[in-house]
Amino acid sequence: MAGHPIPHFQNDAGHPAIDVGVRKFMCVGANAPFDHPHEYLDMGDDVEIICPYCSTLYRFDSSLSASASRPDGCSYTIEVD
């Protein structure tokens, strides 16, 4: 993830659940201006976690890479000029 040592994910489309390939990551909600504070989420040994800000359910899927998501397009990156 360019600019992020920890993967970041967003939920612009309002998906009820997002599968990710990591257990520790940041949720930003949606893209600005509809984002929320970047919330660090750690599943520990669990396979799912709910973001306390936006209520997105994140599920761990070991078949995905650290920056991938299902559905596609939920990886958050900073645009650099």
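Reference entry: report on the structure contained in this document. Because the structure is predicted, anything quoted here is derived from the model rather than measured. (Residues numbered from 1 in each chain as written. Predicted model: local features only at pLDDT ≥ 70, side-chain atom pairs only at ≥ 80, totals over all residues. Heavy atoms only, no water.)

**Considering the overall build of the protein**
Check the secondary structure of the protein and you find zero helices and seven strands. Ordered by position from the N terminus, the helices and strands of the protein form the series β-β-β-β-β-β-β. Here the C-alpha radius of gyration of the protein, 11 Å, is about what a compact globule of 81 residues would show, namely 12 Å. In terms of overall dimensions, the protein has C-alpha extents of about 35 × 25 × 20 Å along its principal axes. (Helix = DSSP H or I, 4+ residues; strand = E, 2+ residues; numbered from the N terminus. Rg over C-alpha atoms; globule rule 2.2 N^0.38 Å.)

**A look at the pattern of salt bridges**
Applying the stated criterion across every chain, the model contains three salt bridges. The partner of Asp 61 in a salt bridge is Arg 70, with the nearest N and O atoms 2.7 Å apart. What you see here is one network of salt bridges that share partners, running through Asp 19, Arg 59, Asp 61 and Arg 70. (Salt bridge = Lys/Arg side-chain N within 4 Å of Asp/Glu carboxyl O.)

**Comments concerning the sheet that holds strand S2 (residues 17-20)**
With mixed pairing, four strands are arranged side by side in an open sheet as S5-S6-S2-S7. In this open sheet, the two edge strands, each paired with only one partner strand, are strand S5 (48-50) and strand S7 (69-70). Of the strand pairs in this sheet, S5 and strand S6 (residues 57-60) are connected by three bridges, and their pairing is antiparallel. In the sheet register, Ile 50 faces S6, and the bridge partner there is Leu 57. (Pairing = 2+ DSSP bridges.)

**Details of the nonpolar core**
Side chains of a nonpolar character, in soluble globular proteins, are inclined to be buried together. Counting residues in hydrophobic clusters, the biggest one holds twelve residues: Phe 9, Ile 18, Val 20, Val 22, Phe 25, Cys 27, Leu 41, Met 43, Ile 49, Cys 51, Tyr 58 and Cys 74. Contributions of two or more residues to this core are made by S2 and strand S3 (24-29). When sequence neighbours within four positions are dropped, the list of residues in contact with Phe 25 reads Ile 6, Pro 7, Phe 9, Val 20, Glu 39, Tyr 40, Leu 41, Met 43, Ile 49 and Tyr 58. (Core = buried A, V, L, I, M, F, W, Y, C linked by side-chain atoms within 4.5 Å. Buried < 20%, exposed > 50% of the residue type's maximum accessible area, 1.4 Å probe, protein only. Contact = heavy atoms within 4.5 Å.)

**Things to note about the sheet that holds strand S4 (residues 35-42)**
Across the sheet, which stays open at both edges, the three strands sit in the order S1-S3-S4 with mixed pairing between neighbours. At either end of the open sheet lies a strand with only one pairing partner, and these are strand S1 (8-9) and S4.

**A short note on the environment of Pro 71**
Turning to its location among the elements, Pro 71 is positioned in the segment after S7. On the basis of relative accessibility, which here comes to 26%, the residue Pro 71 falls in the partly exposed class. Along the sequence, Pro 71 and Pro 33 sit 38 residues apart, while their C-alpha atoms lie 22 Å from each other. If sequence neighbours within four positions are ignored, Pro 71 has contacts with His 15, Ala 17 and Ile 18.

Bear in mind that shape data such as this cannot, by itself, settle questions of function.
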